[in-house]
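The residues making up each chain are set out below.
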Amino acid sequence: MKIGEFSKKFNVSVSTVRHYINLGLLVPEKDGFQYRFTASDCKEMEIIISMKDAGFKLNELNKYLSIFRFYNKDDYFLYEKLVEYLNDKKNRLYEERNQINTYIRMINKKIKEIEADHIYSAGKTVYTAMPEQNGQLPGFPLSAVTLLYCPHCQCKLTLSNVDICGDSIVSGILTCSCGYHAAIRNGVVFTENLKDLENDPKFLECYFGEENLITNEDGMLLMGMKEHSNEYLTNLYKSSLWIYNALSSYDFRGKTILFPDLSCQYLYSRHDGENARNCIFLVTALSERSIRSMRQHIANANPNLKVAYIINQNGRLPLKNGCIDVIIDYMGSCNLGFFQKTHYLDTVIPYIAPDALAVGTAEYYCPGSPSIRRIHELYSNAAADVFTFDFVKTTLEKNDFIMEKIEKISKGYNPGRFFEYHIAGDTRTNIVYLAKRRIL
């Protein structure tokens, strides 16, 4: 429906609807110069109205809506987080009420003092939390075993000492006659020559943030939500909607789809059950801890998804060359660029199909800006051009990707205090893109 019909439906003015759009509370699709409101927008408007009636301010509503937007509706953690957020608001209201009562007592005391001094009194009479799921997380999918090849000689890997549960592998050893060795532990592939980042305090602090080292049960994006600005969260949500719509015309059934690092947040929030049928999803990460919580969330939302988790730090994946059909890079490469000297795509390009599709979102600053300099002060292993437009554009072009769609989501926003490298006043830009690979 159009904006006029939408405003009448909820008995608000068109200017109010536009104000909510500017604040990121509503994110309708845009058809030319016209906004088009869907059932999802109606549901969010109902939430806005009901929560305003409950005393929520507009800036608080953005965080509340972000919980709905980024947590999968089938994950019981969603309801825990909603209850937690509502309890936080209730406790703040109690604190406000107590503070107001204190102010009232102080005012009453001042009134009595004035009356006693005859200055004014002349002639007057004085969640339930949801239970945790038991059981083991889905392991390495049996359907993905055909993809397991040696990264050095491209021979098919040999599996031994295999422990299988249902349709997935819980543990096993991967070997090749050339000497390559990897392992599956707790359903996750651990490749060769891994540094112990699980116990590296500098890496953990840089990756998770000092305040989140102990309680990081929600994964990178969800974990840092309280420290992200409303505009940053709105931009990410708009980006995920754009990616979802851009991919809606493609049939991915039976395809192999790669999600680098925290891009698995998109898999969790936006996977389409029908379009994902018979797909193999690959999630790569630098350490098990960096994807441990999202793995739980994804299993909560849809335990039937065939997701292969691979811990790897050098780009040499135990996969068949050319097996990856689609890359969904939802800020993954940007994040990995803080810890690797080259763009993630450069390291995994042998595994990308000649006709692959790449879609993603990225953020960047102008080269040489104070925030870029600050990044290199804080992250000694960062890529030289990390968080610049060329970091994305040049990498895609040199790997034979042709940009078919690119759109700017926002420009000039403060991402929030989680991002300690951001210097106030620096222009930060968010873009989304879709590119196709064509090797001539």
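Remember, predicted model here, so these are calculated numbers, not experimental data. Residue positions are given per chain, counting from 1 as you read along its sequence in written order. Side-chain atom pairs in this predicted model are given and counted only at pLDDT of 80 or more, local residue features only at pLDDT of at least 70, and totals for whole chains, interfaces and linings cover all residues. Each side-chain value is worked out from all heavy atoms of the structure, with water and hydrogens disregarded.

**A few points about helix H4 (residues 58-70)**
Count 3.6 residues to each turn of an α-helix, and residues three or four apart come out pointing the same way. Spelled out, the test is: Going along the chain from the N terminus, every DSSP run of H or I of four or more residues is numbered as a helix, and every run of E of two or more is numbered as a strand. The span one expects for a helix is its residue count, reduced by one, times 1.5 Å. Partly exposed residues are those whose accessible area sits between 20% and 50% of the maximum for their type, while under 20% is buried and over 50% is exposed, using a 1.4 Å probe and protein chains only.
Between its first and last C-alpha atoms H4 spans 19 Å; for 13 residues at 1.5 Å apiece the expected length is 18 Å, and the two agree. Burial analysis of H4 places ten of its 13 residues in the buried class, the great majority of the element. Glu60, Leu61, Asn62, Lys63, Tyr64, Leu65, Ser66, Ile67, Arg69 and Phe70 are the residues of H4 that are buried.

**What about the nonpolar core?**
As a reminder of what qualifies: Here, nonpolar core refers to any group of buried Ala, Val, Leu, Ile, Met, Phe, Trp, Tyr and Cys residues whose side-chain atoms link them within 4.5 Å. Residue contacts are counted whenever heavy atoms from the two residues lie within 4.5 Å of one another.
One finds Ile375, Phe387 and Phe401 to be the most contacted residues of the largest nonpolar core, which totals 134 residues. Here this core gets nine residues from one element, more than from any other, and that element is helix H8 (residues 230-247). Excluding anything up to four places from it in sequence, Ile375 contacts Phe338, Tyr365, Ala382, Val386, Phe387 and Tyr421.

**Observations regarding the packing of helix H3 (residues 39-53) against H4**
Here is the rule: All axes are obtained by fitting lines to C-alpha atoms, using only the stretch in contact for helices, and the reported angles, taken between N-to-C directions, cover 0 to 180 degrees. Comment on the angle field: the value is read as roughly parallel under 35 degrees, roughly antiparallel over 145, roughly perpendicular from 65 to 115, and oblique elsewhere. Less than a right angle of anticlockwise turn of the near helix away from the far helix marks a crossing as left-handed, whereas a clockwise turn marks it as right-handed. Under the convention adopted here, Pro, Cys and the residues Ala, Val, Leu, Ile, Met, Phe, Trp and Tyr are nonpolar, Asp, Glu, Lys and Arg are charged, and Gly plus all remaining residues are polar.
Between H3 and H4, the least distance of the axes is 10 Å, while the angle of their chain directions is 135°. Relative to H4, the element H3 is oriented oblique. For the pair H3 and H4, the sense of crossing is right-handed. Across the interface between the two elements, Glu44, Ile47, Ile48, Met51 and Lys52 from H3 touch Leu58, Leu61, Tyr64, Leu65, Phe68 and Arg69 from H4. A per-class count over the contact of H3 with H4 returns eight nonpolar, no polar and three charged.

**Remarks on a nonpolar patch on the surface**
Inclusion rule: Without a salt bridge and with relative accessible area above 30%, a residue can belong to a patch; like charges are then joined within 9 Å and nonpolar side chains (Val, Leu, Ile, Met, Phe, Trp, Tyr) within 5 Å. The accessible surface values rely on the Shrake-Rupley method and a 1.4 Å probe; as for residues, cover is taken only from the protein chains in view. A pair is scored as a salt bridge if a Lys or Arg side-chain nitrogen falls within 4 Å of a carboxyl oxygen belonging to Asp or Glu.
There is a patch of nonpolar side chains on the surface, built from Ile100, Tyr103, Ile104, Met106, Ile107 and Ile111 and spanning about 590 Å² of accessible area. Here Ile104 shows up in helix H5 (residues 77-116).

**Comments concerning the confidence of the model for the chain**
Using the following cut-off: Every residue gets a pLDDT, meaning the predictor's confidence in that residue, from 0 to 100.
Put simply, the chain has an average pLDDT of 88, and 91% of its residues get 70 or more. The low-confidence segment residues 119-134, where pLDDT is below 50, has 22 contacts with residues more than four positions distant or belonging to other chains.

**Considering unusual backbone geometry**
Of note in the backbone geometry, Gln154 takes a positive phi value of approximately 60° without being a glycine. The topology assignment puts Gln154 in the loop between strand S3 (140-141) and strand S4 (158-165). The class of Gln154 is partly exposed, set by a relative accessible area of 23%. Not every positive phi belongs to a glycine, and Phe387 is a case in point at roughly 60°.

**What about the environment of Gln340?**
By the element assignment, Gln340 lies in the loop between helix H11 (332-336) and helix H12 (344-348). Sequence-wise, Gln340 and Asn300 are 40 residues apart; in three dimensions their C-alpha atoms are separated by 31 Å. Residue contacts for Gln340: discarding those within four places in its chain leaves Leu286, Gln313, Asn381, Ala382 and Ala383.

**Some details on the packing of aromatic side chains**
Which entries qualify depends on this criterion: Two rings from Phe, Tyr or Trp (for Trp, the six-membered ring) form a pair when their centres are within 6.5 Å of each other. A pair whose planes differ by under 30 degrees is stacked, one over 60 is edge-to-face, and the rest are tilted.
The final tally for this structure, using the stated rule, is 27 aromatic pairs. Between Tyr64 and Tyr85, the ring centres sit 5.8 Å apart and the planes meet at 50°, which makes this aromatic pair tilted. In this pair, Tyr64 sits in helix H4 while Tyr85 sits in helix H5, placing the two residues 21 residues apart along the sequence. Each member of the pair Tyr64 and Tyr85 is classed as buried. Look at Phe259 and Phe281: their rings are 5.9 Å apart centre to centre, the planes differ by 50°, and that puts the pair in the tilted class. You can see Phe259 sitting in strand S8 (residues 256-260) and its partner Phe281 sitting in strand S9 (residues 280-285), a full 22 residues away along the chain.

**Remarks on the side chain of Lys81**
Worth spelling out the cut-off: Polar contacts here mean pairs of N or O atoms no more than 3.5 Å apart (in protein, one a potential hydrogen donor and the other a potential acceptor; neighbouring residues in sequence count only if both atoms are side-chain atoms).
Mapped onto the secondary structure, Lys81 falls in helix H5. Judged by relative accessible area, Lys81 falls into the buried class, the value being 13%. Among the polar contacts listed, one links the side chain of Lys81 to the side chain of Glu84, at a separation of 3.3 Å.

**Section: the pattern of salt bridges**
A side chain of one charge can pair with a side chain of the opposite charge when the charged atoms of the two come close. Applying the stated criterion across every chain, the model contains 16 salt bridges. Here Asp167 makes a salt bridge to Lys306, at a shortest N to O gap of 2.2 Å. Within this pair, whereas Asp167 is found in the loop between S4 and strand S5 (168-175), its partner Lys306 is found in the loop between helix H10 (289-301) and strand S10 (307-311), the two being separated by 139 residues in sequence. Judged by its relative accessible area of 42%, Asp167 is partly exposed. Taking relative accessible area as the criterion, Lys306 reaches 25% and is therefore assigned partly exposed. Its salt-bridge partner being Glu363, residue Arg428 comes within 2.6 Å of it at the nearest N-O pair. Of this pair, Arg428 sits in the loop between strand S13 (401-411) and strand S14 (429-437) while Glu363 sits in strand S12 (residues 352-364); the two residues are 65 residues apart in sequence, bridging distant segments of the chain. Arg428 gets classed as buried once you look at its relative accessible area, which sits at 0%. By relative accessible area, Glu363 is classed as buried at 1%. Look at the salt bridges and you will find they share partners, linking Glu60, Lys89 and Arg92 into a network.

**Overview of the environment of Gln99**
Position of Gln99 among the secondary structure elements: in helix H5. A C-alpha to C-alpha distance of 33 Å links Gln99 and Ile21, two positions 78 residues apart in sequence.

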